[in-house]
Amino acid sequence: MTMMRKLHLSVGVLALSSGMATAQEVEVLHWWTSGGEAAAVGTLRDTLAEGGITWQDMPVAGGGGSDAMTVLRARVTAGNPPTAVQMLGFSIQDWAAEGALANLDDLAAEQGWGDVVPEALQAFSTYDGSWVAAPVNVHSTNWVWANTAVMADLGLEQPESWDDFVAAMQAAQDAGLTALAHGGQAWQDATMFDSMVMGVGGPEFYQASMVDLDPDALGSDTMVEVFQRMETLRGFVDDNFSGRDWNLATAMVINGDALFQIMGDWAKGEFVAAGMTAGEEFTCFRVPGTEGTVTFNSDQFAMFNVSDASAQEAQMAMASAVLSPEFQVTFNLVKGSVPARTDIDSSDFDMCGQMGMAQLAEAAEAGGLFGSMAHGHANTPSVQNAMYDVITAHFNGEFDAETAAAEMVTAVELAQ
Ligand code: BGC
């Protein structure tokens, strides 16, 4: 029996057993709009269609989901929430605290989610001891993506240290290439910042500054150095970086116009969609200085409280499909992320996926697993947005590194 067929049956059985009488539909708000992301959405839409559930699409572009969350707030305020919403970390907790999310406990108990979803994810999928979201993946932000032909042309090996990394970018720039493909949007600046904080300060500093929001850490000399590294990166982006979408930056690496991109592993989805293979036409490695650690984010689907019985059934069928082992493989191969379950064999995954799975488990074991600030897993949305503002203002030359560190202290204090 094929994977799809098995899934079809399990979703179908769920629909039947709950007495499906009318056509079921889910309206899904998400920010998966790039080529690779759209392909991943397609796997979910097709899986649900096989179970008789229609997908109504509500895409709102923008990594990190800030724009999607603004649209969501407006929809809920108007009394018309979507049935299912892609959500990250602390946003899930905020909506659960408002009592807006459906309780998934019965399904979770029936399917044993508690035994297979990693604890770091459960911290966000559950609120007050109850399941309120179904995780579909684990992404991480401390990756570099590279075009292997460009590396070979420049005579470069994989950089092993920050200095090596800078020297490699210098070689690309000297050869007339864009050294670092980047899009100047606040969430993309923040995505690189995650790795600079970890790379300069290490896990304890990441915890103190990004998670505990310790003013001494936020305003420290270490933080000044973090901003100085951001300035180094700024020196390697091209003149047209401002406002560029992340997937267009990935395309620069794919096309051989740029050497590296620092981005979460959703970038892998673009390489895969372009027909490239990890370890052959492209490669991935951890941002030098962050090896042994993983700054993660997990896309989860939260189901908003709706009164219509058929919509509720569709929500449960969707949550069930999202966490099924077969679907976790199908989806994550396309998305670039790794499964949100610990019981999935990695043999179907490519080199980057296998590294991602192994490193996630190792980091969790060794105390090196931390929520990504850029993607809503280190602190609340209001603190995150305050950090975004300082990071972006600095990246665009409004503050020097010392001022930026001082501004972090003030902005975070005001946002709490
Ligand atoms: C999400 C990813 C998404 C990326 C870029 C992140 O916040 O977790 O699923 O691909 O943004 O849109």
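Please read these numbers as outputs of a predicted model, since none were measured by experiment.

*Asks:* Would you explain the overall build of the protein in this entry?
*Replies:* Counting secondary structure elements, the protein contains 19 helices and 14 strands. Seen through its C-alpha atoms, the protein measures out along the principal axes to roughly 65 × 45 × 40 Å. Here the protein, with 416 residues, has 57% of them falling under the buried criterion. Put simply, 77% of the contacts in the protein that link residues at least 6 apart link residues at least 24 apart. Within the structure as shown, the protein displays about 15500 Å² of accessible surface, and the carbon and sulfur contribution to it stands at 49%. Within the protein, the 55 negative side-chain charges are centred at a point lying 8 Å from the centre of the 12 positive side-chain charges.

*Asks:* Mind showing me how you'd approach the nonpolar core here?
*Replies:* A general feature of soluble globular proteins is that nonpolar side chains tend to end up buried together. Counting residues in hydrophobic clusters, the biggest one holds 76 residues, and the most contacted among them are Phe193, Met210, Leu233, Phe260, Met373 and Met387. Looking at this core, the element that brings in the most residues is helix 10 (residues 186-211), giving 12 residues. In this view, Met387 contacts Ser209, Met210, Leu213, Leu218, Met373, Asn379, Met408 and Val412; residues no more than four positions away in its chain are not counted. Counting 62 residues, the second-largest nonpolar core is a separate cluster that includes Val116, Val322, Phe331 and Val338.

*Asks:* Please clarify how the domain arrangement of the protein should be interpreted in this entry.
*Replies:* Bring the parts together and some accessible area is lost; that lost area is often taken as the interface size. Each assigned domain of the protein is listed here: domain 1 (3-140 + 297-355) and domain 2 (143-295 + 371-415). Using only C-alpha atoms to locate each centre, domain 1 and domain 2 end up separated by 28 Å. Listed as interface residues are 27 residues of domain 1 and, on the opposing side, 32 residues of domain 2. A buried area of about 2300 Å², summed over both sides, lies between domain 1 and domain 2, and 58% of it is on carbon and sulfur atoms. The largest share of the area that domain 1 buries against domain 2 comes from Phe90, Ser140 and Cys352, three residues that together contribute 27% of it. The tally of links from domain 1 across to domain 2 stands at one salt bridge. Across the pair Asp350 and Lys268 runs a salt bridge, and its minimum N-O distance is 2.9 Å. If you look at where domain 1 meets domain 2, you find 10 residue pairs in polar contact (both at pLDDT 80 or more). The set of elements that each furnish at least two residues to the side of domain 1 that touches domain 2 consists of helix 2 (35-50), helix 4 (89-97), strand 7 (139-140), helix 16 (325-335) and helix 17 (351-366). Here the side of domain 1 that touches domain 2 is built from residues that sort into seven nonpolar, 16 polar and four charged.

*Asks:* What is the right way to read the site of the ligand from this model?
*Replies:* In the neighbourhood of the ligand, 14 residues make up the surrounding shell, with Trp32, Glu37, Asp299, Lys335 and His375 lying closest. Within the side chain of Glu37, an N or O atom sits 2.4 Å from an oxygen atom of the ligand. A distance of 2.9 Å separates an oxygen atom of the ligand from a polar backbone atom of Gly64. For the ligand, the protein covers 99% of the area, taking 310 Å² as the surface of the free molecule. A per-class count over the shell around the ligand returns five nonpolar, six polar and three charged.

Cut-offs applied
Residues numbered from 1 in each chain as written. Predicted model: local features only at pLDDT ≥ 70, side-chain atom pairs only at ≥ 80, totals over all residues. Heavy atoms only, no water. Helix = DSSP H or I, 4+ residues; strand = E, 2+ residues; numbered from the N terminus. Buried < 20%, exposed > 50% of the residue type's maximum accessible area, 1.4 Å probe, protein only. Contact = heavy atoms within 4.5 Å. Areas by Shrake-Rupley, 256 points an atom, 1.4 Å probe, with all protein chains shown as cover. Lys, Arg positive; Asp, Glu negative; His and termini not counted. Charge placed at Lys NZ, Arg CZ, Asp CG, Glu CD. Core = buried A, V, L, I, M, F, W, Y, C linked by side-chain atoms within 4.5 Å. Domains from an automatic or database assignment. Buried area = accessible area lost by both parts, 1.4 Å probe. Salt bridge = Lys/Arg side-chain N within 4 Å of Asp/Glu carboxyl O. Polar contact = N/O pair within 3.5 Å; in protein donor to acceptor, adjacent residues only side chain to side chain. Nonpolar A, V, L, I, M, F, W, Y, C, P; charged D, E, K, R; others polar. Near = heavy atom within 4 Å.

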